Amino acid sequence: MYRTHNCGELRMANVGEEVTLSGWIQGSRDLGFMMYTDLRDRYGITQLIFTEENTTKEVFESARTLGREYVVKVKGTVLERKSKNPNIPTGDIEIDVNDLEILNASKVPPFTIEDDTDGGDELRMKYRYLDLRRKPVQENLIFRSRVAVETRSYLSQAGFIEVETPVLIKSTPEGARDFVVPSRMNKGQFYALPQSPQTFKQILMVGGFDKYFQLVKCFRDEDLRADRQPEFTQIDCEMSFVTQEEILNTFEGLTRYLFKTCKGLDLPEFPRMTYDEAMEKYGSDKPDTRFGMEFHNLNGVAKGKGFPVFDSAELVAGINAEGQADNYSNKDIKKLTEWMQRPQIGAKGLVYVKFNTDGSIKSSVGKFYSDDDLKAWGEEFGAKPGDMLLILSGEEEKTRKQLNELRLEMGERMGLRNPQEFKPLWVVDFPLLEWDEDTERFHAMHHPFTSPKKEDVERMMNGDHETMKALRADAYDLVINGVEIGGGSIRIHDRDLQSRNFDLLGFTREEAMAQFGFLLGAFEYGAPPHGGLAFGFDRLCAVMMGQNTIRDFIAFPKNNQGRDMMIDAPSPIHDEQLDELCLGIHLPKEA
RNA sequence: GGUAGCGUAGUUCAAUCAGGCAGAGCAGGGGAUUGUCUAUCCUCAAGUUGCGGGUUCGAUUCCCGUCGUUACCGCCA
């Protein structure tokens, strides 16, 4: 028997017991006449003690040969410690070892297996099996498991059926780039890995499974970020005979349940905000509502006073950094301005107005505006003495985007983005279509099966080009703390409306039939009204734990270049494999 | 595809600004140590400064290229 207990469970109550433990050597502290060794497994750390008095010479000498990460089995007696360690649960006891068996030696690991490791990202990924031994990574994966279990529990309880959908499917032109898989039996043809099980879950609705869910891997061949992996997991759901309202309530319920059971937290309200309002007040379709600092439009009070930059701008708008007037010297503001002018943000400049606590007003555009003018601005914001307005101007969409970055940065600097606080938000009424200037065609903002709002259907069937830009969809996103957790929509279940949507998206009838004929076909056999949503499962876990990278919630993640550093994938394949698939490699020529 | 940063001992970093013997913490080896707990003290070892080229009497440092990596922008229905 390798163990009678794990390394995290022995307490004072066990004193005197003969126990057997197995685990990894965390480290040793050799005091000469006696030696302490920490034995670790995923449950905790238990201290082993070897002394000249009580330990046989053979065992003691063997113990001195133990290196970090050796795997051992020990037998011994649980003792009460003379000096206790209040920092760990097993800190009151130690094991007086009388038998030590080295199960496996270990090379010296390339980084320390500690909570605060000295290992960089690259090493940690290459030696992921060592990184996985670290407590923070284990805690994240255990948390993820918990969230998965509770998700299944909640949705099953609510009558949802978990159905698996295929991973080898068909490439579709819309959306992200597909990962493709060559077919040996169908030479020259390819499967694609699903970007999401979208069409399958809709088919399941036609098939009568009126409540479907799945924890499912999705694949998108796009460039990566800290919160984006080429393969990721969704909580994918679809329901029949429901309105948007019922869907939002169902998944608000799921979200509340997950926070309650996995974090012990009761979430506050799930307010609703239209896409237009989010863009206007926050310049983002995923605003962080842990803090206010909403945009205020200054077109009315700032234009027509002779400041050419503002006069020629489509939008003049700003935020109020409350109480920051004294915290920002001219130098600080210059730095902030330079930060805003980085190519990633691309602001032309930044105007400030300080309402100093002594009642004076200071502004970078004081030359053009009287104190009374500036006071009028302050009134727009409800600014108090000590507040500082930060104002941008320019083309409307760009300015909003830049102001969003500024707002988030100021929120960060002012400590308003508390990782322990959770503010959910439904953003609703997304536009149905997005006009792409480059390709001169419409894209589906959500996906091509999204239904326009009922009141917009008539206009969609008959309207002109400009009308199409203004169509709203029954599409919604759940945002928590400025992170898009997931989204969904009511789907089109009518074949004619779906055809019209394909028309607008620039599909010919033939293309639509070739790509989605199976779905259009299904819609001719009594498709129920349906809708659904999907949550990014990895992201949800990260947000719940207040972290902004999803990598440590995935056991074997890929790096920025989409490489698995541990197994070193992707990799070339043998010529025989290529031949079998009738594939040739044509690398791009060097420039 | 782009922008920015990083690449130096097993590892995390310093030295690079202004070219002149490449240094520290941790990890590792050896020793000491009567209650440690990421022990402490002494000591030893550890380097193709990512790679290639250029400038220079001399390059870790400056320049060009390249590769790797991170964050972000584009992209991600």
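Residues numbered from 1 in each chain as written. Chains lettered and ligands numbered in written order. Predicted model: local features only at pLDDT ≥ 70, side-chain atom pairs only at ≥ 80, totals over all residues. Heavy atoms only, no water.

## Notes on the overall build of chain A
And then number 1: On a plain count of helices and strands, chain A comes out with 18 helices and 22 strands.
And then number 2: Each principal axis of the C-alpha distribution contributes one length, and for chain A these read about 90 × 75 × 60 Å.
And then number 3: Buried positions account for 48% of the 591 residues belonging to chain A.
And then number 4: At a minimum sequence separation of 6, the contacts of chain A that also span at least 24 residues come to 66%. (Helix = DSSP H or I, 4+ residues; strand = E, 2+ residues; numbered from the N terminus. Buried < 20%, exposed > 50% of the residue type's maximum accessible area, 1.4 Å probe, protein only. Contact = heavy atoms within 4.5 Å.)

## So, the nonpolar core
And then number 1: In this structure, Val 147, Phe 251, Trp 426 and Phe 535 are the most contacted members of the largest nonpolar core, which totals 39 residues.
And then number 2: With seven residues, the single largest contributor to this core is helix 6 (residues 244–263).
And then number 3: If we skip the residues at most four places from it in the chain, Val 147 touches Leu 258, Cys 262, Phe 537, Leu 540, Cys 541 and Met 544.
And then number 4: Ranked by size, the runner-up nonpolar core spans 30 residues in total, among them Ala 444, Met 468, Ala 475 and Leu 520. (Core = buried A, V, L, I, M, F, W, Y, C linked by side-chain atoms within 4.5 Å.)

## Details of the packing of helix 10 (residues 330–341) against helix 12 (residues 396–413)
And then number 1: Helix 12 packs onto helix 10 with a crossing angle of 135° between their chain directions and a minimal axis gap of 11 Å. Comparing their axes, helix 12 and helix 10 come out oblique. Handedness of the crossing formed by helix 10 with helix 12: right-handed. Residues Leu 336, Trp 339 and Met 340 of helix 10 touch helix 12, and the partners they reach there are Gln 402, Glu 405, Leu 406, Glu 409, Met 410 and Arg 413.
And then number 2: Along the lines of polarity and charge, the residues of the contact of helix 10 with helix 12 split into five nonpolar, one polar and three charged. (Axes fitted to C-alpha atoms, helices over the stretch in contact; angles between N-to-C directions. Parallel < 35°, antiparallel > 145°, perpendicular 65-115°, else oblique. Left-handed = near helix turned anticlockwise from the far one by under 90°. Nonpolar A, V, L, I, M, F, W, Y, C, P; charged D, E, K, R; others polar.)

## Description of the protein's contact with RNA strand B
And then number 1: The environment of RNA strand B is formed by 48 residues, the closest being Phe 33, Tyr 36, Ala 444, His 446 and His 447.
And then number 2: Here the atoms of RNA strand B within 4 Å of the protein split so that 49% fall in sugar or phosphate, with bases taking the remainder.
And then number 3: In this structure, Arg 220 approaches RNA strand B through a side-chain N or O atom, which is 3.1 Å from a phosphate oxygen.
And then number 4: In this structure, a phosphate oxygen belonging to RNA strand B sits 3.2 Å away from a side-chain N or O atom of Arg 551. (Near = heavy atom within 4 Å. Polar contact = N/O pair within 3.5 Å; in protein donor to acceptor, adjacent residues only side chain to side chain.)

## Thoughts on helix 10
Think of an α-helix as 3.6 residues a turn; residues three or four steps apart then line up on the same face.
And then number 1: With 12 residues, helix 10 should cover 16 Å at 1.5 Å per step; its first-to-last C-alpha distance of 16 Å lies within 8% of that length.
And then number 2: Among all positions of helix 10, only Ile 333, Leu 336, Thr 337 and Met 340 are buried. Down the axis of helix 10, the buried side of the element spans an arc of 100°, and every buried residue falls inside it. Those residues of helix 10 that are exposed and aimed more than 90 degrees away from the buried face are Lys 331, Lys 334 and Lys 335.
And then number 3: Tucked into the core, helix 10 has its buried residues touching strand 14 (351–355), strand 16 (388–394) and helix 12. (Expected span 1.5 Å × (residues − 1). Arc of directions from axis to C-beta.)

## Side note on the side chain of Ser 22
And then number 1: Here Ser 22 is to be found in strand 1 (residues 18–30).
And then number 2: The buried category is assigned to Ser 22, whose relative accessible area is 11%.
And then number 3: Beyond its immediate sequence surroundings of up to four residues, Ser 22 is in contact with Tyr 2, Arg 3, Cys 7, Leu 39, Asp 41, Val 72, Lys 73 and Leu 103.

## Overview of a negative patch on the surface
And then number 1: Together, Glu 114, Asp 115, Asp 116, Asp 118 and Glu 139 give the surface a local cluster of negative charge.
And then number 2: Within the secondary structure, Glu 139 is located in helix 4 (residues 135–157).
And then number 3: Since its relative accessible area comes to 41%, Glu 139 is described here as partly exposed. (Patch = residues over 30% accessible without salt bridge, like charges linked within 9 Å, V, L, I, M, F, W, Y side chains within 5 Å. Areas by Shrake-Rupley, 256 points an atom, 1.4 Å probe, with all protein chains shown as cover. Salt bridge = Lys/Arg side-chain N within 4 Å of Asp/Glu carboxyl O. Lys, Arg positive; Asp, Glu negative; His and termini not counted. Charge placed at Lys NZ, Arg CZ, Asp CG, Glu CD.)

## Brief notes about the pairing of strand 3 (residues 44–51)
And then number 1: Within strand 3, seven of the eight residues are buried, which leaves the element mostly enclosed by the surrounding structure.
And then number 2: Inspection of the sheet shows strand 2 (residues 34–41) paired to strand 3 by eight bridges, in the antiparallel sense. For Met 35, the partnering residue across the bridge sits in strand 3 and is Phe 50.
And then number 3: The antiparallel hairpin formed by strand 2 and strand 3 contains two residues in its connecting segment.
And then number 4: Pairing analysis gives two bridges linking strand 3 to strand 5 (residues 93–104), with the strands arranged parallel. By the bridge assignment, Leu 48 is partnered in strand 5 with Ile 95. (Pairing = 2+ DSSP bridges.)

## As for the pattern of salt bridges
And then number 1: The tally for this structure, following the rule as stated, stands at 45 salt bridges.
And then number 2: Between Glu 245 and Arg 272 there is a salt bridge; the shortest N-O distance is 2.9 Å. In this pair, Glu 245 sits in helix 6 while Arg 272 sits in strand 11 (residues 272–274), placing the two residues 27 residues apart along the sequence.
And then number 3: Among the ionic pairs, Glu 466 bridges to Lys 469, the shortest N-O distance being 3.7 Å. Placement of the pair is Glu 466 and Lys 469 together in helix 14 (residues 465–469), with a separation of three residues, close to one helical turn.
And then number 4: Taking relative accessible area as the criterion, Glu 466 reaches 51% and is therefore assigned exposed.
And then number 5: Through salt bridges with shared partners, one network takes in Asp 121, Arg 124, Arg 128, Asp 131, Arg 134 and Asp 552.

## Digging into the sheet that holds strand 5
And then number 1: Within the closed barrel, the five strands sit side by side as 1-2-3-5-4. Their pairing is mixed. Neighbour to neighbour, the strand axes of the sheet diverge by 55° on average, direction disregarded.
And then number 2: The strands that helix 1 (residues 57–64) touches are strand 1, strand 2, strand 3 and strand 5; relative to strand 5, the one it contacts most, it runs at about 70°.

## Comments concerning the packing of aromatic side chains
And then number 1: Applying the stated criterion across every chain yields a total of 20 aromatic pairs.
And then number 2: Arranged with centres 6.2 Å apart and planes meeting at 80°, the rings of Tyr 127 and Tyr 129 form a pair that is edge-to-face.
And then number 3: The exposure class of Tyr 127 is partly exposed, given its relative accessible area of 23%.
And then number 4: Pairing Phe 310 with Tyr 369 gives two aromatic rings, centres 6.4 Å apart and planes at 40°, and the pair type is tilted. Residue Phe 310 is found in helix 9 (residues 308–311), and its partner Tyr 369 is found in the loop between strand 15 (361–363) and helix 11 (371–381); the two are separated by 59 residues along the sequence.
And then number 5: Accessibility expressed as a relative area gives 3% for Tyr 369, which makes it buried.
And then number 6: An aromatic cluster of at least three residues, connected via ring pairs, comprises Phe 307, Phe 310, Phe 368, Tyr 369 and Trp 377.
And then number 7: The residue whose ring lies beneath Arg 407 is Phe 291, and the NZ or CZ to ring-centre distance is 4.0 Å. (Phe/Tyr/Trp six-rings, centres within 6.5 Å; stacked < 30°, edge-to-face > 60°. Lys NZ or Arg CZ within 6 Å of the ring centre and 35° of its normal.)

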